[in-house]
Amino acid sequence: MSFLYLSANAYALDLPQVNLSETLQEQKQGNEFLQIIWNTNAVVADVETQVYLKALGRELSTYSKDPGKHVDFFMLNDSSINAFAGPYGYIGVHTGMLLSSESEAELAGVLSHELAHITQNHLSRFSEKTDKQTYIMVAGMLAAALVDNSNASQAIAASTVAGTAQQNINFTREHEWEADRIGTNMLSKSGFDPSGMAHFFEKLQDDVNAQEFLRSHPLSINRISDAMQRSSRLTGDYREDSFEYQSIKAKLYYHLHKRIKLEKDQELTLYMQAYDAFEEQKYTLAKSYITQLLTLNQSVPSYILAGRIYSKLGQLEAAQQHFLPVLHNEAGVYYAAKAYMDNHQTQQGVLLLRRYLKQNLGTYLSHKLLSSLYVDVGRLDRAHIQNAKALAAQGKLEQAIDRYERAKTTTRSQDLFDIINVEIERLEKRIDLYKELP
């Protein structure tokens with residue numbers, strides 16, 4: 001399900017053998033694509049949403065054809081129902097896609113389909129067949145979907161697609177079929193209901209908000225029927241919706257409609273009542289709801305929200321007690337560190353978040369928070385370093401180098417100065433290698 005992949009032939013037979021290694025050219029294209037994603041200013045700036053999507057996508061990727069292949073995931077703030085796979089394994093999902101899903105298996109089905117496009121090297125195979133830089137077309141369509149000016153968006157999309165869709169339809173149908181088949185198997189192996197993908201396809205046909213999706217992902221009755229039949233042959237005890245999925249979806253709805261959606265589930269209702277009170281700065285009321293919730297539900301979102309509430313009440317010790325069970329989760333560490341800063345114990349926040357980021361690949365948001373923490377304790381050199389890492393995470397390598405150069409001018413530590421030089425040399429080498437490529 002990417003912008004360029006059309007519907008699949010249900011009668012396609014053997015899957016072709018593909019080269020699953022990644023090239024420097026793919027990395028370069030991925031870096032350019034990554035910058036375009038971030039320059040849309042549409043990446044959802046919520047650490048729980050980012051962490052959840054990345055964790056789900058990476059879990060699914062372990063059951064893919066090439067679990068070692070580079071992948072990364074982004075939630076984009078767009079009400080249309082769409083998803084895309086870009087070069088170097090970058091996969092985006094619109095908030096409209098998540099909100100339209102009726103189960104976590106449906107969302108996982110979308111991700112599995114996109115992962116299959118990545119592991120089968122569909123972008124590079126399309127480029128080889130057509131002699132076109134497919135990633136540029138994908139990026140153009142992504143930009144078109146996310147720019148503010150709707151007229152400009154339509155013009156960009158029209159100029160990008162017009163000369164390519166019809167002449168390549170047979171090739172891309174083959175891709176869609178491959179992605180359906182491989183993605184369904186991925187779902188089954190990961191414990192999700194493999195019919196999630198097929199059910200999602202089926203309901204899209206009558207959804208007005210899915211017109212953009214259907215233009216770039218045409219569906220046929222045969223393809224839906226094939227997906228249904230394939231998933232029906234797979235059986236097992238499937239996973240129920242996680243509370244992470246339910247709460248993130250409920251919060252997206254809340255911020256879109258400025259109200260809580262009536263929920264059948266008591267635990268989710270209590271969570272959203274606590275969240276609504278928290279957003280309205282009614283922290284004592286929020287505390288009463290979260291206390292009730294924690295007697296029923298000890299999930300990651302519940303503990304994080306509890307910690308945030310107690311932090312706002314100035315009860316730092318109680319806040320950290322609630323964060324303690326979720327310090328394996330980046331969002332838990334993020335809000336625990338922020339609670340320290342908000343309650344004037346910033347150095348503790350620095351130690352906590354810095355330790356996590358030394359051992360784990362963090363999000364852009366965590367590096368930005370650590371930068372702010374360093375500013376708060378007067379360590380401008382380290383603040384610049386974290387800003388540099390945040391920029392590098394966005395693919396903005398030259399801007400990251402500028403930040404490292406600023407760090408050099410402010411540090412008094414020779415060791416840190418030498419470390420910064422190593423990082424600058426590493427980024428400069430990457431830039432030089434990219435420049436040598438066509």
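Everything discussed here concerns the structure shown above.
Residues numbered from 1 in each chain as written. Predicted model: local features only at pLDDT ≥ 70, side-chain atom pairs only at ≥ 80, totals over all residues. Heavy atoms only, no water.

A. Here's a closer look at the overall build of the protein chain. Within the protein chain, the secondary structure is distributed over 22 helices and three strands. Burial status across the protein chain gives 55% buried among its 438 residues. In the protein chain, the proportion of contacts linking residues at least 24 apart, taken out of those at least 6 apart, comes to 66%. A total of about 20,000 Å² of accessible surface is found on the protein chain, and carbon and sulfur atoms cover 47% of it. (Helix = DSSP H or I, 4+ residues; strand = E, 2+ residues; numbered from the N terminus. Buried < 20%, exposed > 50% of the residue type's maximum accessible area, 1.4 Å probe, protein only. Contact = heavy atoms within 4.5 Å. Areas by Shrake-Rupley, 256 points an atom, 1.4 Å probe, with all protein chains shown as cover.)

B. Seen up close, the sheet that holds strand β2 (residues 83-85). If you trace the three strands from one edge of the open sheet to the other, you get β1-β3-β2, paired in mixed fashion. Looking at which strands have only one partner, the edges of the open sheet turn out to be β1 (72-76) and β2. The mean inter-strand angle of the sheet, taken between neighbouring strand axes irrespective of direction, is 15°. In terms of strand pairing, β1 meets strand β3 (residues 90-94) through five bridges, oriented parallel. Each residue of the ladder has a partner; that of Phe74, found in β3, is Gly92. (Pairing = 2+ DSSP bridges. Axes fitted to C-alpha atoms, helices over the stretch in contact; angles between N-to-C directions.)

C. The arrangement of the nonpolar core in detail. Ranked by size, the top nonpolar core spans 49 residues in total, and within it Leu305, Leu353 and Leu373 carry the most contacts. Top element by residues in this core is helix α17 (residues 330-342). It accounts for nine residues. Excluding residues within four positions of it along the chain, Leu353 makes contact with Val333, Ala337, Ser366, Leu369, Leu370 and Leu373. Counting residues in each nonpolar core, the second largest holds 34 residues, with Val93, Ile182, Met197 and Phe200 among its members. (Core = buried A, V, L, I, M, F, W, Y, C linked by side-chain atoms within 4.5 Å.)

D. Geometry of the pairing of β3. Of all five residues that make up β3, five are buried, and the element is covered over most of its length. Burial along β3 is two-sided: the face carrying Tyr90, Gly92 and His94 and the face carrying Ile91 and Val93 are both buried. Inspection of the sheet shows β2 paired to β3 by three bridges, in the antiparallel sense. Directly across from Ala85, in β3, lies its bridge partner Ile91. Here β2 hands over to β3 after four residues, with Tyr88 in that stretch at a positive phi of 60°.

E. Molecular detail of the side chain of Thr411. The topology assignment puts Thr411 in the loop between α21 (397-410) and α22 (414-436). Since its relative accessible area comes to 12%, Thr411 is described here as buried. Excluding residues that lie within four positions of it along the chain, Thr411 makes contacts with Asp381, Leu416, Phe417 and Ile420.

F. Structural context of the packing of helix α20 (residues 380-393) against α21. At a minimum axis distance of 8 Å, the contact between α20 and α21 shows a crossing angle of 170°. In terms of axis orientation, α20 runs roughly antiparallel to α21. Along its contact with α20, which presents Leu380, Asp381, His384, Ile385, Asn387, Ala388, Lys389, Leu391 and Ala392, the element α21 presents Leu397, Gln399, Ala400, Arg403, Tyr404, Arg406, Ala407 and Thr410. Residue classes in the contact of α20 with α21 are distributed as nine nonpolar, four polar and four charged. (Parallel < 35°, antiparallel > 145°, perpendicular 65-115°, else oblique. Nonpolar A, V, L, I, M, F, W, Y, C, P; charged D, E, K, R; others polar.)

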